[in-house]
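Notes for the structure review
Chain residues, written in single-letter form:
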Amino acid sequence: MTQLNATQLAKSVEEDIVKWRRDLHQIPEIGLNLPKTVAYVTEVLDDLGIEYDASYVDGNGIEAIITGTKEGEATEKVLAFRADMDGLPIKEETGLSFASLNENMHACGHDGHTAMLLGAAKILQAQREHFSGQVKLIFQPGEEYPGGAEPMIQEGVMEEPKVTRIMGFHEGHIDPSIPKETIGYKAGPMMASMDRFLIEIKGKGYHGAYPENSQDPIMATGQLITALQTIKSRNIKATEPAVLSITRMDGGFNQNIIPDNVEIEGTVRALADETRELIHQKMEQIASGIGEAFGVECVVTYDYKYPPVTNDAEATKEIVSSLETLFPGKMIELEEPLMGGEDFSYYLYEAPGTFLFLSNPANIEGSFHGHHHPKFDVDESLFYMGTASFVQVALDYLN
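Note that residues are indexed from 1 along each chain, following the sequence as it is written. Only residues with pLDDT of at least 70 get local features here, since the model is predicted, and only at 80 or more are side-chain atom pairs given and counted; chain-wide, interface and lining totals rely on the full set of residues. The side-chain values count all of the structure's non-hydrogen atoms but skip hydrogen atoms and water molecules.

With that settled, consider the overall build of the protein chain. Of the regular secondary structure elements, the protein chain holds 12 helices and 16 strands. Note that the radius of gyration is over C-alpha atoms, with the globule rule given as 2.2 Å times the number of residues to the power 0.38. Since a compact globule built from 399 residues should have a radius of gyration of about 21 Å, the 24 Å found for the protein chain is in line with a globular shape. A principal-axis box enclosing the C-alpha atoms of the protein chain has dimensions of 80 × 45 × 40 Å. Buried, partly exposed and exposed residues are distinguished by accessible area as a fraction of the type maximum, computed with a 1.4 Å probe on protein chains only: under 20%, between the cut-offs, and over 50%, respectively. With 399 residues in all, the protein chain has 55% of them scored as buried. In what follows, a contact means two residues having at least one pair of non-hydrogen atoms within 4.5 Å. For the protein chain, the proportion of contacts with a sequence separation of at least 24, taken over those separated by at least 6, is 81%. Separation of charge centres in the protein chain, based on 30 positive and 62 negative side chains, amounts to 3 Å. Runs of H or I in DSSP of at least four residues are treated as helices and runs of E of at least two as strands, each being numbered from the N terminus. Positive: Lys, Arg. Negative: Asp, Glu. His and the chain ends are not part of the count. Positions of charges follow a simple convention, taking NZ of Lys, CZ of Arg, CG of Asp or CD of Glu.

Time to look at the sheet that holds strand β6 (residues 183–185). Taken in spatial order, the eight strands make up an open sheet running β1-β2-β4-β3-β5-β16-β6-β15, and their pairing is mixed. The open sheet has two edge strands, β1 (51–55) and β15 (331–333), and neither has a second partner. Averaged over all pairs of adjacent strands, the angle between strand axes in this sheet comes to 25 degrees, irrespective of strand direction. Pairing between strand β3 (residues 78–84) and strand β4 (residues 134–140): seven bridges, direction parallel. Bridged to leucine 79 within β4 is valine 135. Any two strands with at least two DSSP-identified bridges between them are counted as paired. Only C-alpha atoms enter the line fits that serve as axes; for helices the fit covers just the stretch in contact. Angles between N-to-C directions range over 0 to 180 degrees.

Here the expected length of a helix is defined as 1.5 Å per residue gap, with one fewer gap than residues. If you check helix α5 (residues 110–126), its first and last C-alpha atoms are 25 Å apart, about what 17 residues at 1.5 Å a residue would give, namely 24 Å. In terms of burial, α5 is largely enclosed, as 15 of its 17 residues are buried.

Pairs can form between side chains of opposite charge whenever their charged atoms are close. Salt bridge, as used here: a side-chain nitrogen of Lys or Arg that lies within 4 Å of a carboxyl oxygen of Asp or Glu. Tallying each qualifying case throughout the model produces 23 salt bridges. One salt bridge connects aspartate 303 with arginine 196, and the closest N-O pair in it is separated by 2.8 Å. Here the residue aspartate 303 occupies a position in strand β13 (residues 297–306), and arginine 196 occupies one in strand β8 (residues 194–202), the gap between them amounting to 107 residues. Under the relative-accessibility criterion, arginine 196 is labelled partly exposed at 23%. For arginine 248, the salt bridge is made with aspartate 250, and the minimal N-O distance between the two is 4.0 Å. Overall, the relative accessible area of 28% leaves arginine 248 in the partly exposed class. Among the charged side chains, a salt-bridge network with shared partners connects Arg196, Arg248, Asp250, Glu263, Glu265 and Asp303.

Moving on, we come to helix α2 (residues 14–25). Helix length check: α2 (12 residues) gives 16 Å between terminal C-alpha atoms against 16 Å at 1.5 Å per residue, within 8%. Among the residues of α2, those classed as buried are Ile17, Val18, Trp20, Arg21, Leu24 and His25. Down the axis of α2, the buried side of the element spans an arc of 160 degrees, and every buried residue falls inside it. Its buried side turned inward, α2 meets α1 (6–12), α3 (35–48), α5 and α12 (383–397). As used here, the arc is the angular range of directions from the helix axis to the C-beta atoms.

What follows is about the packing of α5 against α12. Here α5 crosses α12 at 45 degrees, and the two axes come no closer than 8 Å. Here α12 runs oblique to α5, going by the angle between their axes. When the axes of α5 and α12 are compared, the crossing they make is right-handed. Counting all contacts with α5, which are made through Gly112, Met116, Leu117, Gly119, Ala120, Ile123 and Leu124, the residues of α12 involved are Phe383, Gly386, Thr387, Phe390, Val391 and Ala394. Considering only residue class, the contact of α5 with α12 consists of nine nonpolar, four polar and no charged. An angle counts as roughly parallel when it lies under 35 degrees, as roughly antiparallel when it exceeds 145, as roughly perpendicular when it falls between 65 and 115, and as oblique in every other case. Left-handed describes a crossing whose near helix is turned anticlockwise from the far helix by less than a right angle; the clockwise case is right-handed. Each residue gets one of three labels, nonpolar for Ala, Val, Leu, Ile, Met, Phe, Trp, Tyr, Cys and Pro, charged for Asp, Glu, Lys and Arg, and polar for the others, Gly among them.

This part takes up the side chain of aspartate 195. Tracing the chain through its elements places aspartate 195 in strand β8. Classification of aspartate 195 by relative accessible area gives buried; the value is 0%. Setting aside anything within four residues of it in sequence, one finds aspartate 195 in contact with Gly266, Thr267, Val268, Arg276, Tyr302, Asp303, Tyr304, Lys305 and Tyr306.

Another point: the nonpolar core. Only buried Ala, Val, Leu, Ile, Met, Phe, Trp, Tyr and Cys residues count toward a nonpolar core, and they belong to the same one when joined by side-chain atoms within 4.5 Å. Ranked by size, the top nonpolar core spans 66 residues in total, and within it Phe81, Val135, Leu137 and Phe139 carry the most contacts. Here this core gets 10 residues from one element, more than from any other, and that element is α12. Here valine 135 is in contact with Ala64, Ile65, Ile66, Leu79, Phe81, Leu124, Ala394 and Leu398, once residues within four sequence places are set aside. By size, the runner-up hydrophobic cluster in this structure holds 27 residues, among which are Ala80, Val309, Leu334 and Phe357.

So, in structure tokens, the structure goes:
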């Protein structure tokens with residue numbers, strides 16, 4: 001253990017964290033194309049004297065390394081912290097003085113994630129004599145979509161040096177049951193997978209007055225929608241969480257014409273990979289059967305996107321133990337997993353680690369409007385909790 005006070009250290013850089021967050025909040029970029037954001041973050045890293053590689057995902061992801069100078073048993077350990085940097089294609093309506101200057105918005109708090117990690121970077125760079133081993137900072141694009149963690153891992157971000165533990169945060173109010181000014185945690189499954197499916201129903205259109213001459217894709221689609229809901233109710237235990245939601249339908253163009261084709265699209269959420277695979281298998285079987293029965297072709301495209309966020313039990317226990325000394329009474333164990341998804345899950349396949357929720361919602365016009373909302377905001381006065389957590393975990397794990 002160390003004599004350094006992580007909370008005091010975090011509060012000493014609080015003005016920097018808020019400035020970084022506000023600057024980033026004004027230049028939100030989306031997906032895997034974050035040139036302005038990367039330029040800003042690397043400029044801060046340059047100012048801090050921290051070495052980095054900004055070549056990931058075609059120059060849209062950053063890996064930075066801080067090497068401890070203390071001799072000790074932890075010299076072979078590599079602790080990774082991850083922050084996502086992308087925003088959303090939402091027009092901001094907060095009225096904040098530092099609101100977005102373009103048509104995008106940091107409506108999920110990724111600007112805060114990046115700023116809090118930069119705060120930890122500043123502290124750890126200045127305190128290298130207090131730990132051994134290495135801290136790897138991962139700034140990734142595309143968490144919202146299409147996913148930046150997987151390509152960064154494929155390009156080697158978890159290797160050379162090989163990460164031995166990883167931790168990440170999500171701010172805001174992801175779990176409404178967690179009180180403000182607390183940190184939520186959960187060993188094992190914490191968040192669900194996020195898969196996408198598309199089913200194209202290909203038939204033969206005809207005049208609506210003579211349906212017998214058609215191969216009606218709309219009629220088949222109606223049966224398909226009903227049958228898909230039986231996957232959960234008749235194939236998966238009632239106690240096993242799973243969601244299959246159809247969120248888009250597209251087909252037809254006139255009141256008296258049966259169309260040739262219909263599309264349906266949706267999402268699947270589950271807490272286990274085998275559940276995802278079962279849902280996919282049953283979806284193919286149902287689509288094939290209904291296609292044959294109605295004389296249409298049902299083509300299923302199932303995209304395995306983000307896997308479930310499954311926190312390592314031992315790593316979670318150790319990290320929570322570190323943070324309970326920092327924030328007594330403010331570490332809250334989640335009662336149940338959430339069905340939302342997060343691509344931090346990919347990192348947990350590569351190294352033991354944990355994902356945490358910082359509860360710091362802020363009101364606009366008297367209420368918190370939720371994530372992915374044009375009036376989303378967070379309480380900057382609690383950023384120190386995220387930064388202090390990174391610092392405390394580093395000082396404990398790397399000693």
